[in-house]
Amino acid sequence: MFSKLLVANRAEIALRIIRSARELGLKTVAIYSEPDKDSLHALLADEKICIGPAKSSESYLNIPNIMSAAEITKADAIHPGYGFLAENPRFPEICEAEGIAFVGPPASIMRLMGNKSKARQEMQKAKLPVIPGSNKIVEDIVEAKKIAQKISYPVIFKAVAGGGGRGMRVVRSPSLLEEQFSIAQNEANAAFGDSSLYLEKYLPKAHHIEVQVIGDKKGNVIAFVERECSIQRKYQKLLEETPSPFIDEKFRRKIVKAVQEAANSIRYQSLGTFEFLVDDKKKFYFMEANTRVQVEHPITEMIYGIDLIKEQIKIAAGNKLSFSSDQKTRGHSIECRINAEDAETFIPSPGKIEFLALPGGEGIRVDTAVYAGWEIRAEYDSLVAKIVAAASSREDAIKKMYTALEMTTIVGIKTNIPLHLSLLSNSEFVRGDYDIQFMEKFLQKK
Ligand code: ADP
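Residues numbered from 1 in each chain as written. Predicted model: local features only at pLDDT ≥ 70, side-chain atom pairs only at ≥ 80, totals over all residues. Heavy atoms only, no water.

Turning to the domain arrangement of the chain, a few remarks are in order. The accessible area lost on association of the parts is a frequent measure of interface size. Parsing the chain into structural domains produces domain 1 (4-103), domain 2 (132-201) and domain 3 (206-445). With eight residues of domain 2 in contact, the opposing surface of domain 3 contributes four residues. Scanning the region where domain 2 abuts domain 3 turns up zero salt bridges. At the junction of domain 2 and domain 3, the tally comes to one residue pair in polar contact (both at pLDDT 80 or more). Here the side of domain 2 that touches domain 3 is composed, by residue class, of five nonpolar, two polar and one charged. (Domains from an automatic or database assignment. Contact = heavy atoms within 4.5 Å. Salt bridge = Lys/Arg side-chain N within 4 Å of Asp/Glu carboxyl O. Polar contact = N/O pair within 3.5 Å; in protein donor to acceptor, adjacent residues only side chain to side chain. Nonpolar A, V, L, I, M, F, W, Y, C, P; charged D, E, K, R; others polar.)

Take a look at the structure:
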């Protein structure tokens, strides 16, 4: 096992990783940017080291500074969390060259999955169905027109380097194709420095269903019960639950088995998530894979009673997976992402938290790194807390979450808690009757 883990991230995920590392008996090192000096992840680690100013490109994305911090503190492993450097294959390569273990998949897997168009091709080989579309980058508008005609409208342009919903454009008719092509290219270029796009059939009444996998270095891979992530706004997940109310046992077994086989075929290592769209006829299509821990991983932990991060650290140290694929689940779990934003207008609401009362009790988990007096800064993610509820049934998990949110008080900033409360009391949501377009209609009706 390692002796000291450097966590190359900030806020709730950094703190969450520090917690698991300490339970494993590891010493922990936090890195922080200048304004994060008094952040909880820095205060609670065994050691902390400043790696630069507020701007992420000069701190949390600054590989030379992070490697120096690891060297100075003699850390023998690095965990990247999610976001920042988590899916940059250069990071594990540099760690390897420096003799520091990287708690994540090898660079080769990141490269395979990092380019969404290449990942589609690879997963087709692994027998996962993909959404009809271009099998490679769309070079120009002439080619785009041809493919769109073949797969029929509506279609969606997606950035090959995509993430966070950026560089995606839905096109409903041929007359709009050219304009949307150039908008998507510009967006992709601005967000990722790569304007390459591919094209897919747009599936309007679909569900976003994802399957968590974990693999060790000995070739053992297991896939977990699906997470339902169709409650989204602007392609960003807002609330996730597991299991999905839309999926029956037979379909569950089919998709989980398909993912397990696909992940096995590429000898997937570490934590990862395979994302799918599932249409109203219950056909599933591979969308992309994320080669890192997901924001919503706690709901899987809640129904399995396991700690995915601990397991990820152990397998990075060479251990064999400590559980098998027939692990049983218990009940239902829901996560609400509490963001610093106006619940009506979605305008970001950075600022100082003046008073904070977080929920608790049986079946409630709160992943956060905020405290009264802490300032949510505009330059970082607006995620304030992840509130997770688990109960023996979906109905009880919804009630538990509703009560937990009613008992949450955050003064000083606006949050989207009122939006979550109205969602949790919406009859269609309560029936489990929703798809990826649900939120758009829900927000229009409000
Ligand atoms: P990103 O990596 O930018 O988050 P994803 O490929 O994961 O992008 O897609 C994010 C969301 O966009 C999906 O959950 C879904 O709501 C929507 N989406 C993506 N592709 C399609 C498609 N072909 N048809 C309909 N919706 C889509």
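A word on the sheet that holds strand β6 (residues 155-159). Read across the sheet, three strands follow the order β7-β6-β8 without closing on themselves; strand pairing throughout is antiparallel. Both edges of this open sheet fall to β7 (169-171) and β8 (197-201), since each of them pairs with a single strand only. Sheet twist, expressed as the mean angle between neighbouring strand axes with direction ignored, is 25 degrees. When β6 meets β7, the two strands line up antiparallel, connected through three bridges. (Pairing = 2+ DSSP bridges. Helix = DSSP H or I, 4+ residues; strand = E, 2+ residues; numbered from the N terminus. Axes fitted to C-alpha atoms, helices over the stretch in contact; angles between N-to-C directions.)

Taken together, 20 residues are adjacent to the ligand, and Lys158, Gly165, His208, Gln232 and Glu288 come closest. Here an oxygen atom of the ligand and a side-chain polar atom of His208 are 2.6 Å apart. For the ligand, the protein covers 95% of the area, taking 560 Å² as the surface of the free molecule. Listing elements by their share of the shell around the ligand, those giving two or more residues are β6, β8, β13 (270-278) and β14 (284-290). By residue class, the composition of the shell around the ligand is nine nonpolar, five polar and six charged. Each of domain 2 (132-201) and domain 3 (206-445) gives at least three residues to the shell around the ligand. (Near = heavy atom within 4 Å. Areas by Shrake-Rupley, 256 points an atom, 1.4 Å probe, with all protein chains shown as cover.)

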